[in-house]
Amino acid sequence: MKALGIDVGGTGIKAAPVDLSNGEFDAERLRIPTPSLCTPEVLAKTAKEFVGHFNWSESIGVGFPGVIKQGKVLTAANLDDSWIGVAIDDLLREATGCEIHSLNDADAAGLAEFHLGEGQAHQGMVLLLTIGTGIGSALFYQGKLVPNTELGHLPMNGTIAEKYTSRKVKKDLDLTWSEWVPRLQEYLAIIERIITPDLIIIGGGASKKFEKFSADINLQTPVVPARHQHHAGIIGAAFAASNSIL
Ligand code: BGC
């Protein structure tokens, strides 16, 4: 069984058909740069492009960078305010003619890691943090996802965590790794204090650079990179399109 996974990110919108039995891509991933104004109309057009490119007519899972409840967008911090209140599943179903299941992008990445990656069958408290343009979180307890946790929006140093610690902040402020890592350490220490996870998985863009900062992270909790790295979002979105896994 296959589903198309679409991962809507701050810098790129990525998609690939995924074999749901093993999480592998069934065709080469396609990445389209995220336009500076990513409105609902723009995403609908992009989804149509993906469907054409992959000649797709089956289910599609969409990882979206905001809170999604019952197929409706409630927040879109790093996209565009015109998203608020949009029935994203209906919008993309009309644009593509395919069944759509949308969920938060970090929750999607978490599903991939929980079912096929680093969190596999863990029965404790597992937290995946995607660190990229923003910071997203996916929390699992005894195998169940607690959706839309939004731990990147924790108040921190007069701002919110993702505006202090994300990879975008590192880039925008031109910080070296040794200048940026103390910010990440400070954030993870807060997370550890309030959640006491058994495992923290780092996903998103930062997972590809894990070795640049892992030695300087000092926590009680084990911290590992996402096994599927930046592909976890696509794989998990495809899983979400299949009722068998949720
Ligand atoms: C959004 C989250 C999202 C994260 C990563 C945050 O700004 O509020 O929903 O998971 O960025 O994309």
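Quick notes on the rules
Residues numbered from 1 in each chain as written. Predicted model: local features only at pLDDT ≥ 70, side-chain atom pairs only at ≥ 80, totals over all residues. Heavy atoms only, no water. Pairing = 2+ DSSP bridges. Helix = DSSP H or I, 4+ residues; strand = E, 2+ residues; numbered from the N terminus. Axes fitted to C-alpha atoms, helices over the stretch in contact; angles between N-to-C directions. Contact = heavy atoms within 4.5 Å. Core = buried A, V, L, I, M, F, W, Y, C linked by side-chain atoms within 4.5 Å. Buried < 20%, exposed > 50% of the residue type's maximum accessible area, 1.4 Å probe, protein only. Domains from an automatic or database assignment. Salt bridge = Lys/Arg side-chain N within 4 Å of Asp/Glu carboxyl O. Polar contact = N/O pair within 3.5 Å; in protein donor to acceptor, adjacent residues only side chain to side chain. Nonpolar A, V, L, I, M, F, W, Y, C, P; charged D, E, K, R; others polar. Near = heavy atom within 4 Å. Areas by Shrake-Rupley, 256 points an atom, 1.4 Å probe, with all protein chains shown as cover. Parallel < 35°, antiparallel > 145°, perpendicular 65-115°, else oblique. Left-handed = near helix turned anticlockwise from the far one by under 90°.

This part is about the sheet that holds strand β14 (residues 199–203). Strand order in the open sheet formed by five strands is β11-β10-β9-β14-β15, and the pairing between neighbours is mixed. The open sheet has two free edges, formed respectively by β11 (144–146) and β15 (223–225), since each of these has just one partner strand. The sheet shows a mean angle of 25° between the axes of neighbouring strands, direction not considered. Here strand β9 (residues 125–131) pairs with strand β10 (residues 135–141) via seven bridges, running antiparallel. By the bridge assignment, L128 is partnered in β10 with A138. Contacting β9, β10, β11 and β14, helix α3 (residues 105–116) crosses the sheet at an angle of about 45° to β10. Most of the contacts of helix α6 (residues 177–195) go to β9, to which it runs at about 150°, and overall it touches β9 and β10.

So, about the nonpolar core. In this structure, I6, F50, I60, F64, W83, I88 and L92 are the most contacted members of the largest nonpolar core, which totals 28 residues. When contributions to this core are tallied by element, the ones reaching two or more residues are β1 (2–8), β2 (12–19), α1 (40–53), β5 (60–64) and α2 (88–96). Tallying contributions element by element places α1 first for this core, with five residues. Once you skip the residues sitting within four places of it in the chain, I6 turns out to touch I13, K14, A15, A47, F50, I60, G61, V62, G63 and A237.

Next up on the list: the domain arrangement of the chain. When cut into domains, the chain gives domain 1 (2–107 + 231–242) and domain 2 (121–226). Summarising the inter-unit geometry, the C-alpha centres of domain 1 and domain 2 are found 23 Å apart. Contact residues are listed per partner, giving 11 residues for domain 1 and 14 residues for domain 2. Put simply, domain 1 and domain 2 have zero salt bridges between them. Along the contact surface separating domain 1 from domain 2 lie three residue pairs in polar contact (both at pLDDT 80 or more). Taken together, the elements giving at least two residues each to the side of domain 1 that touches domain 2 come down to β6 (68–69) and α3. Classifying every residue of the side of domain 1 that touches domain 2 by side-chain character gives four nonpolar, five polar and two charged.

Time to look at the site of the ligand. Close contacts around the ligand come from 14 residues, with N104, D105, E150, H153 and E162 the closest. Within the backbone of G66, a nitrogen or oxygen atom sits 3.2 Å from an oxygen atom of the ligand. Interatomic distance of 2.8 Å between a side-chain N/O atom of E162 and an oxygen atom of the ligand. Protein contact buries 94% of the 310 Å² of open area that the ligand shows by itself. For the shell around the ligand, the secondary structure elements donating two or more residues are α3 and β10. Here the residues of the shell around the ligand are counted per class, giving four nonpolar, seven polar and three charged. For the shell around the ligand, the two domains that each supply at least three residues are domain 1 (2–107 + 231–242) and domain 2 (121–226).

What follows covers the packing of α1 against α2. The axes of two packed helices give the description: the angle between them and the distance between them. The interhelical angle for the contact between α1 and α2, taken along N-to-C directions, is 45°, at an axis separation of 9 Å. Viewed along their axes, α1 and α2 adopt a mutual orientation that is oblique. Note that α1 runs across α2; the crossing there is right-handed. Of the residues in α2, those in contact with P40, L43, A44, A47, K48 and V51 of α1 are I88, L91, L92, A95 and T96. When its residues are assigned to classes, the contact of α1 with α2 shows nine nonpolar, one polar and one charged.

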